[in-house]
Amino acid sequence: MPIAWKIIDADAGVWGAERHHRSGWHWRSVAVRLDDGSLAVVSPLINTDDDGHRALAALGGVSVLVAPNHFHWMGLAAYRERHGATVISSLAAAGRIGKKSGVTLAPVASLAERLPAHVSVLVPDGLRNGELWLRVATARGIVWVVSDAFFTLPKTPTGAYGAFCRLTGTSPGLRLGTSFKVAGIGDARAYKAWLLDRIDRDAPRILVPSHGEIVVDAALPERLRALA
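Residues numbered from 1 in each chain as written. Predicted model: local features only at pLDDT ≥ 70, side-chain atom pairs only at ≥ 80, totals over all residues. Heavy atoms only, no water.

Draft legend 1. The arrangement of the pattern of salt bridges in detail. Under the criterion given, the structure shown has eleven salt bridges. Among the salt bridges present, the one from Asp51 reaches Arg54, with a minimum N-O distance of 2.5 Å. Note that Asp51 and Arg54 are positioned in helix α1 (residues 50-59) at a spacing of three residues, about one turn of the helix. On the basis of relative accessible area, Asp51 is assigned to the partly exposed category, the value being 48%. In this structure Arg54 comes out as partly exposed when scored by relative accessible area, which is 48%. For Asp202, the salt bridge is made with Arg135, and the minimal N-O distance between the two is 2.9 Å. (Salt bridge = Lys/Arg side-chain N within 4 Å of Asp/Glu carboxyl O. Helix = DSSP H or I, 4+ residues; strand = E, 2+ residues; numbered from the N terminus. Buried < 20%, exposed > 50% of the residue type's maximum accessible area, 1.4 Å probe, protein only.)

Draft legend 2. Main features of helix α3 (residues 91-101). When α3 is considered as a whole, its buried residues turn out to be Ala93, Ile97 and Ser101. Along the axis of α3, the buried residues cluster in a sector spanning 40°; they form a single face. Opposite the packed face of α3, turned more than 90 degrees from it, sit the exposed residues Leu91 and Lys99. Elements in contact with the buried residues of α3: α2 (76-83) and β7 (105-106). One or two residues past the end of α3 sits Gly102, with phi positive at roughly 75°. (Arc of directions from axis to C-beta. Contact = heavy atoms within 4.5 Å.)

Draft legend 3. Layout of the packing of α1 against α2. The N-to-C vectors of α1 and α2 enclose an angle of 55°; their axes lie 12 Å apart at closest approach. Taken together, the axes of α1 and α2 lie oblique to each other. α1 and α2 meet at a crossing whose hand is right-handed. Contacts between α1 and α2 involve Asp50, His53, Arg54 and Leu56 from the former and Tyr79, Arg82 and His83 from the latter. (Axes fitted to C-alpha atoms, helices over the stretch in contact; angles between N-to-C directions. Parallel < 35°, antiparallel > 145°, perpendicular 65-115°, else oblique. Left-handed = near helix turned anticlockwise from the far one by under 90°.)

Draft legend 4. Quick peek at helix α8 (residues 220-227). Taken together, the buried positions of α8 are occupied by Leu220, Pro221 and Leu224. Viewed along the axis of α8, the buried residues span an arc of 100°, placing them on a single side of the element.

Draft legend 5. Just the packing of helix α7 (residues 188-202) against α8, in detail. Look at α7 against α8: their axes get within 10 Å of each other, and the N-to-C directions meet at 170°. When the axes of α7 and α8 are compared, the pair comes out roughly antiparallel. Taken together, the residues of α8 that come into contact with α7 (itself represented by Leu196, Ile199 and Asp200) are Pro221, Leu224 and Arg225.

Draft legend 6. Representation of the sheet that holds strand β12 (residues 215-216) in the model. In spatial order, the strands read β8-β9-β10-β11-β12; together these five strands make up an open sheet with mixed pairing. Pairing within the sheet leaves two strands with one partner each, and these edge strands are β8 (119-122) and β12. As paired elements, strand β11 (residues 206-208) and β12 share two bridges and run antiparallel to each other. Bridge pairing in β12 links Leu207 to Val215. (Pairing = 2+ DSSP bridges.)

Draft legend 7. The arrangement of the pairing of strand β1 (residues 6-9) in detail. In terms of strand pairing, β1 meets strand β2 (residues 14-20) through three bridges, oriented antiparallel. For Asp9, the partnering residue across the bridge sits in β2 and is Val14. Taken together, β1 and the strand that follows it, β2, pair antiparallel across an intervening segment of four residues, in which Gly13 is found at a positive phi of about 70°.

This is the structure we're talking about:
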């Protein structure tokens with residue numbers, strides 16, 4: 001299926017591309033405009049077609065690739081070969097990402113220094129999977145671009161993906177699944193404290209996950225607190 005980049009927030013310079021599995025499982029990649037007009041692509045999708053790459057070139061070109069945790073590495077090598085981009089990950093994710101993808105990784109600071117004023121990097125405390133998020137200030141409120149910390153699949157998939165979701169409590173709707181609790185969280189107390197503080201500080205209104213629907217909800221802070 002062709003990859004199409006669609007606007008998430010034009011003024012903030014944020015786009016998304018999605019891939020859907022017939023089972024109902026879902027992947028999302030996010031592109032964010034940097035201060036020099038080029039793009040950072042978070043969690044690049046595997047098997048992106050030529051039209052998808054050309055669309056990114058038309059938007060300003062890709063200069064940075066972001067591995068948002070140590071599980072999201074599969075599209076990195078192909079995108080790096082195509083665009084010659086710098087690849088970024090958190091320190092905690094760098095070891096596994098480097099081994100799996102074979103690419104050289106730059107630190108988070110290399111991304112942070114290139115972001116426009118309304119975008120910043122968040123690296124949560126207490127996580128073992130090296131997850132990093134982007135925080136984007138928009139006219140509609142704060143956007144959190146996350147990876148596996150939250151899932152928002154509208155219904156439980158079928159087949160093997162469905163079995164995974166039922167086993168881990170990952171669907172349907174806004175979820176913090178058991179898979180993230182087990183594989184993602186290293187220090188639950190530290191992560192909970194960080195997350196609750198970040199919710200209070202940002203009061204996010206929009207959640208853009210790697211797996212599931214984009215959530216736009218004034219009550220999102222309360223829903224996230226309930227999960228925490």
